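# Residue-level structure breakdown
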Amino acid sequence: MRFFWRTALLVTLLLNAFGANPQHLRGFSAESARSQIQIEAKFKSIPSSGEVKKHHRFLTLEPHPAGSERNNELARYIADLWKQQGWEDVTIRRYDVLNTLPREVSCELISPVRYKASLREEPYDIDPDTKNPRVQSAYTGLSASGEVTAPIVYAHSGNPEDYDLLRKNGIDVKGKIVMVRYSNPYSYRGFKALTAEREGAVAMIIYSDPQEDGFKRGKVFPDGPWGPESHIQRGAITYDFMVPGDPLTPGWASVEGAKRIPIEQAKSIPKIIALPMSWHDAKPFLENMGGPEAPKDWQGGLAIKYRLGGTARAHVKADMDNSVRPNYVVEARIRGSEFPDEWIVLGNHRDAWEFGAVDPSSGTATMLEMSRAFGALKKQGSRPKRTLVICSWDGEEVGLTGSTEWGEQFAEDLTSKAVAYINVDSSASGPNFRPVAVASLAPLIVEVSRSLDAPSGKSLYEEWKASLARQKKDTRDSSLVDTRIGSGSDHTVFLNFLGRPTIGLTFNGPYGVYHSMYDNFYWMNQFGDPGYRYHTLMSKLWGVLALRLANADILPFDFAFYADNISQFVDELQKKSDPQKHFDFKPLISRIAQFESEAQTMNRAIERKLQSENSDSRALSRLNQQIMRVEANWLNSEGIPGRPWFKHILYAARYTYAHLELPGLTEALEKGDWQVALQQSKILEGALEKNAALLHEATAEISR
Ligand SMILES: [Zn+2]
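Turning our attention to the overall build of the protein. Regarding its fold elements, the protein presents 22 helices and 20 strands. Computed over its C-alpha atoms, the radius of gyration of the protein comes to 26 Å, within 12% of the 27 Å expected for a compact globule of 704 residues. Summarising its shape, the C-alpha atoms of the protein cover approximately 85 × 60 × 55 Å along the three principal directions. Looking at the protein as a whole, 63% of its 704 residues qualify as buried. When contacts within the protein are restricted to residue pairs at least 6 apart in sequence, long-range pairs at least 24 apart make up 81% of them. Surface exposure of the protein reaches about 26,200 Å², of which carbon and sulfur atoms provide 51%. For the protein, the centre of its 84 positive side-chain charges and the centre of its 87 negative side-chain charges are spaced 2 Å apart.

Structure, rendered in structure tokens:
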């Protein structure tokens, strides 16, 4: 009999873990769940694809990069809209930050033949937006200004191993111009710039090879979603993997009167001249590169022989306006009815390289429709229990600037009040749902996905699994959410600097026009999300997740799942190389086991508490405060070695923006620095111990 009940409880827990039981909502008592389901049903009935499309048309009418008058106008537009929708405390915050816009950029091949790169994208009659005279030429954000004439070398992807191969072929890039392609494998363009700078190159041209995002992948714009011959991927090369935000105020906010460091001391400002190029412009350079033939995997999608170079010469000029300008963050809230000092923070960036139909205006349109639905609920008298804070960021494309400055300004409040941050950057470039989250929130996302209808008529959960299956990925519930969090969007300050739990949501698909002027309204309506069905679904999903967090009796985190993920990270680290010879993982593993066991006990106590009749609200509120402290315990105030701004010890990003788990320990083991590895392991063990004790204390209190 006992065995039966234990098994039954276990089965219930497992079913509940990922929301397979539709009446059960993680963190809600049966009674609260019934009213929550009604609130969500009302909420989900509001977003309309027609409204999202209207927002989207307006947002993508003109280019709106950070620091431009149009982007500032959009800030005022969003603030006004939020007021009309019923949001409270609507505020526009100003940060004076290092901005970046081009004055003049040019590039010319001068020998063996002359060719002047157009650095422009071709217009198409079918899409009038491509004729907008305010579209800018090619530039990279925070490129150095200067002018050079030098030999040119093809450096493949511009990663360190590429320069090793050049050296083996007797080619030194010192004093030369390097031409690199965007991704093969992918690395953030800022990392390519830093690598070129360290190698002594004087300029870097970064071009889009059709192999990666052009005709080799499929039909190109305006007949398909891939990048056409002249598309240019703009983007910043800021070294924000060192420290994001305004380079002149690393770690504090660029508010009026703030101290600013001299430009020479700013770690995140590149010293190299860089510019992006279409393959149309790059082809004459590649064809005339000269020198030895490049290896097979360096060959790209053009029907030419790619060579390593060394004999051709080029002239590159970049005159950049990298001056201090205002960035504007728009902020609003709906104050919580019961716990106004517990915040669910929602955000999206507003600035775009050009029209930004996917990146970020799909997210912005989604956000404006979600905020309309929240406003409508409030007008019907339904206020969330916890406070919703919504933000329109600026300068994300330059260096995650707006969100970082805002996070640094309100660090104290956010550390104690933010329950979670949900980021939507690009909301829809296709139908494939790809959320990323801290592991403790992954089960909640799976649960919510079951309660939403996807455009196919199936649930989002089923559509999500089918799309992962098509890409031959793991479709078990425990693997659906990506819990490896890199950088490259506005969640960074919340997770890595403030230690707040984060979620990032996106629907993706074939998308070859990223950061070009073809990422526009026409593209979205023809290829990305015709009918705006995934935008609308995202408005609902984002809102329902926020509502679950805002209204739960007990905050819906799963720390047992977190523990399980941490032990996976350690497993992988152990397997990757063979550090066991020099390094003992046992103390760390036993601390994880201890944290996991406390978390499982806590999950069971929470289930019992939610099922019991007598839930004393003060005890629950104390428990929620304890739950909110867990993530911050993963912070080390000194940061990870060499990068003091990045304080999270479970998550960071590599310089390439790729995810990096257990960053301090992993980097030390990769370097073979056993002493630092030991120190970093002790820091992890300490945090695990602290969190195990915290969960133990919380469980004891609610089990009384
Ligand atoms: Zn973006």
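This next bit is on the pairing of strand β2 (residues 101–111). Sheet topology places β2 next to strand β10 (residues 309–321); nine bridges connect them, and they run antiparallel. Each bridged residue has a counterpart across the sheet, and for S106 the counterpart in β10 is K317. Pairing of β2 with strand β3 (residues 115–116), which is carried by two bridges, proceeds in the antiparallel orientation. Bridge pairing in β3 links E108 to K116. Linking β2 to β3, which pair antiparallel, is a turn of three residues.

Right, let's talk about the coordination of the zinc ion for a bit. Those protein atoms acting as donors to the zinc ion are H349 (NE2), D359 (OD), D425 (OD) and D425 (OD), and they sit at 2.0 to 2.6 Å. Around the zinc ion, the four donor atoms sit at angles spanning 54 to 147°, and that spread fits a shape best called irregular. For the zinc ion, the single-chain donor residues occur in sequence as H-x9-D-x65-D. A residue pair is termed long-range when its members are at least 10 positions apart, and H349 in strand β12 (residues 339–349) and D425 in the loop between β14 (418–423) and β15 (432–433) qualify at 76 residues. Judged by its relative accessible area of 15%, D425 is buried.

Under the criterion given, the structure shown has 37 aromatic pairs. On the numbers, 6.2 Å between centres and 85° between planes, the contact of W87 with F374 is edge-to-face. Of this pair, W87 sits in the loop between α4 (69–85) and β1 (88–98) while F374 sits in helix α9 (residues 361–379); the two residues are 287 residues apart in sequence, bridging distant segments of the chain. Accessibility assignment for this pair places W87 and F374 in one class, buried. Taking 5.6 Å as the distance between ring centres and 70° as the angle between the ring planes, the aromatic pair formed by F215 and W279 counts as edge-to-face. Residue F215 is located in the loop between α7 (210–213) and β8 (235–236), and its partner W279 is located in helix α8 (residues 279–287); the two are separated by 64 residues in the primary sequence. Residue classification places W279 among the buried residues on the basis of a relative accessible area of 10%. Counting every residue linked through ring pairs, the aromatic cluster contains Y188, Y239, F241, Y655 and Y657. A cation over a ring is seen here: R70 above F58, with NZ or CZ 4.9 Å from the ring centre. Here the guanidinium or amino end of R450 rests over the ring plane of Y461, the centre of that ring lying 3.9 Å away.

Let us look at the pattern of salt bridges. A full pass over the atoms with the stated rule returns 45 salt bridges. Here R26 ties to D558 by a salt bridge, and the two come within 3.5 Å at their closest N and O atoms. Within this pair, whereas R26 is found in the loop between α1 (2–17) and α2 (30–44), its partner D558 is found in the loop between α17 (533–551) and α18 (559–576), the two being separated by 532 residues in sequence. The same class applies to R26 and to D558, which are both buried. Here D164 makes a salt bridge to R167, at a shortest N to O gap of 2.9 Å. In this pair, D164 and R167 are both assigned in helix α5 (residues 160–168), three residues apart and thus about one turn of the helix distant. By relative accessible area, which is 44% here, R167 ends up partly exposed.

Calculation notes
Residues numbered from 1 in each chain as written. Predicted model: local features only at pLDDT ≥ 70, side-chain atom pairs only at ≥ 80, totals over all residues. Heavy atoms only, no water. Helix = DSSP H or I, 4+ residues; strand = E, 2+ residues; numbered from the N terminus. Rg over C-alpha atoms; globule rule 2.2 N^0.38 Å. Buried < 20%, exposed > 50% of the residue type's maximum accessible area, 1.4 Å probe, protein only. Contact = heavy atoms within 4.5 Å. Areas by Shrake-Rupley, 256 points an atom, 1.4 Å probe, with all protein chains shown as cover. Lys, Arg positive; Asp, Glu negative; His and termini not counted. Charge placed at Lys NZ, Arg CZ, Asp CG, Glu CD. Pairing = 2+ DSSP bridges. Donors = N, O, S within 2.8 Å, 3.2 Å for Na, K, Ca; no water. Tetrahedral: all angles 85-135°; square planar, octahedral: opposite > 155°, others 65-115°. Phe/Tyr/Trp six-rings, centres within 6.5 Å; stacked < 30°, edge-to-face > 60°. Lys NZ or Arg CZ within 6 Å of the ring centre and 35° of its normal. Salt bridge = Lys/Arg side-chain N within 4 Å of Asp/Glu carboxyl O.

The quantities given are spatial measurements derived from coordinates; they are silent on function.
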